[in-house]
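# Examination of the molecular architecture
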Amino acid sequence: MDNSQTYSLFMATDVACRILGVDPQVMLETAGLGGLPYGRTEMRGTAQQYFDCWNTMEVLSPRPDYVPHLGVTISRGPVIPVFFTLSCAPDMETGLMRLAQFKSLLGPTLMRVFREGTLLRLEFDSVDARVPMPPSFGALQLVVAVEKIRGAAAHLVCPVAAGFDGSEEERRMIAGHLGIMPERSHAAYVAFSPEDAKRRFISENPALWADIEADLKLQLVAQNERWPVAERVRAALGALMPAGRTGAEDVALALGTS
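## Details of the overall build of the protein
- What the protein contains, in helices and strands, is 12 helices and seven strands.
- Buried positions account for 52% of the 258 residues belonging to the protein.
- Partitioning the intrachain contacts of the protein with sequence separation of at least 6 by distance along the chain shows that 66% fall at a separation of at least 24.
- Summed over its atoms, the accessible surface of the protein is roughly 11,800 Å², and 54% of this surface lies on carbon and sulfur atoms.

Next comes the structure, spelled out in structure tokens:
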């Protein structure tokens, strides 16, 4: 039995390709994934296949500024239910904690949210240590997160620190959007001031959150049902440890189970 964890390729084939003007079938064939049933059923792939798609789009993109263009367009354009976890929240910290729980529904990405001194730090990494996340994909996560936060807060929130493992040119490409020059770092991260972490969101919507939370939990369970429980727990602990949240209840919440 194949126990490889798989992830929806919707964000790659139906969102990113459309925004960049790249033919999704050409992208899949170029990535060596032409055998996947695009357009006939929900497409899913392993972490390696997902990042192969991203690397191929990077090559095929007609735009040199594809990372900030994608990030801004994704944050302001398509209606993606997972992002309601953030926008429906009362404030940034609450919203980011909710989003971290369901981030894997968008792809093979771990999202960690924790306090580092007085700052609120947000980190992104691959769900599989054997399959590194492309630096440019980490940069995309930073742009999307900051843009979504600004929209929900109706305020030009700027991180106080940021970084990812990209060249100076790649880091300058998103500096204007973040409002700060990212440092060269192994981790893709942004950090926010205590004041911004507690900033109220004008988009807060408890009723909508109550409606979608149960559905997102069902999606998470369905995604994880073929993944061995031990591997799921290890991955959850890896995401929770920086925040010091390693109790049974914390892990169960991250896994969407009792």
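## Re unusual backbone geometry
- Even without glycine at this site, Ala154 takes up a positive phi of about 55°.
- Judged by relative accessible area, Ala154 falls into the exposed class, the value being 53%.

## Some thoughts on the environment of Thr109
- One can find Thr109 in strand S3 (residues 109-116).
- For Thr109, a relative accessible area of 2% corresponds to the buried category.
- For the pair formed by Thr109 and Phe124, sequence separation is 15 residues and the distance between their alpha carbons is 6.6 Å.
- When neighbours within four sequence positions are excluded, Thr109 is seen to be in contact with Lys103, Ser104, Phe124, Asp125, Val127, Met133 and Phe137.

## Quick look at the packing of aromatic side chains
- The tally for this structure, following the rule as stated, stands at six aromatic pairs.
- Relative to Phe51, the ring of Tyr50 lies with its centre 6.0 Å away and its plane at 90°, an arrangement referred to as edge-to-face.
- According to the relative accessible area criterion, Phe51 is buried, its value standing at 1%.
- When the centroid spacing of 6.0 Å and the interplanar angle of 50° are considered together, the rings of Trp54 and Tyr66 count as tilted. Separated by 12 residues along the polypeptide, Trp54 in helix H3 (residues 47-60) and Tyr66 in helix H4 (residues 66-76) bring together distant segments of the chain. Accessibility assignment for this pair places Trp54 and Tyr66 in one class, buried.
- A cation over an aromatic ring shows up here: Arg121 above the ring of Tyr189, its NZ or CZ 3.8 Å from the ring centre.

## A short note on helix H10 (residues 206-224)
- The end-to-end C-alpha distance of H10 is 27 Å, a good match for the 27 Å that 19 residues give at a rise of 1.5 Å each.
- Where H10 bends most, at Ile212, the angle is about 30°.
- Of the residues making up H10, those classed as buried are Trp209, Ile212, Leu216, Leu220, Gln223 and Asn224.

## A word on the sheet that holds strand S6 (residues 183-184)
- Pairing within the open sheet is mixed, and its five strands lie in the order S3-S4-S7-S5-S6. Of all strands in the sheet, those with a lone pairing partner are S3 and S6, marking the two edges.
- For strand S5 (residues 161-164) and strand S7 (residues 188-192), the ladder comprises three bridges, and the chain directions are antiparallel. Across the sheet, the residue bridging to Ala162 is Val190, located in S7.
- Lying on the sheet, helix H6 (residues 92-102) is in contact with S3, strand S4 (119-126) and S7; it crosses S3 at an angle near 150°.

## Things to note about the pattern of salt bridges
- In the structure shown here, the tally under the stated rule is 15 salt bridges.
- Linking Glu93 and Arg115 is a salt bridge whose minimum nitrogen-to-oxygen distance equals 2.8 Å. With Glu93 in helix H6 and Arg115 in strand S3, this pair connects stretches of sequence that are 22 residues apart.
- When the shortest N-O distance is used, the salt bridge between Arg150 and Glu147 registers 3.5 Å.

## Some details on the side chain of Glu147
- Relative to the helices and strands, Glu147 resides in helix H7 (residues 135-153).
- Setting aside residues no more than four positions away along its own chain, Glu147 makes contact with Val72, Ser75, Arg76 and His177.

## Describing the nonpolar core
- Ile74 and Leu96 are the most contacted members of the largest nonpolar core, which has 72 residues in total.
- Excluding residues that lie within four positions of it along the chain, Leu96 makes contacts with Leu86, Met111, Val113, Leu120, Leu122 and Ile149.

Rules of the game
- Residues numbered from 1 in each chain as written.
- Predicted model: local features only at pLDDT ≥ 70, side-chain atom pairs only at ≥ 80, totals over all residues.
- Heavy atoms only, no water.
- Helix = DSSP H or I, 4+ residues; strand = E, 2+ residues; numbered from the N terminus.
- Buried < 20%, exposed > 50% of the residue type's maximum accessible area, 1.4 Å probe, protein only.
- Contact = heavy atoms within 4.5 Å.
- Areas by Shrake-Rupley, 256 points an atom, 1.4 Å probe, with all protein chains shown as cover.
- Phe/Tyr/Trp six-rings, centres within 6.5 Å; stacked < 30°, edge-to-face > 60°.
- Lys NZ or Arg CZ within 6 Å of the ring centre and 35° of its normal.
- Expected span 1.5 Å × (residues − 1).
- Bend = angle between axes of the 7 residues up to and from the residue.
- Pairing = 2+ DSSP bridges.
- Axes fitted to C-alpha atoms, helices over the stretch in contact; angles between N-to-C directions.
- Salt bridge = Lys/Arg side-chain N within 4 Å of Asp/Glu carboxyl O.
- Core = buried A, V, L, I, M, F, W, Y, C linked by side-chain atoms within 4.5 Å.

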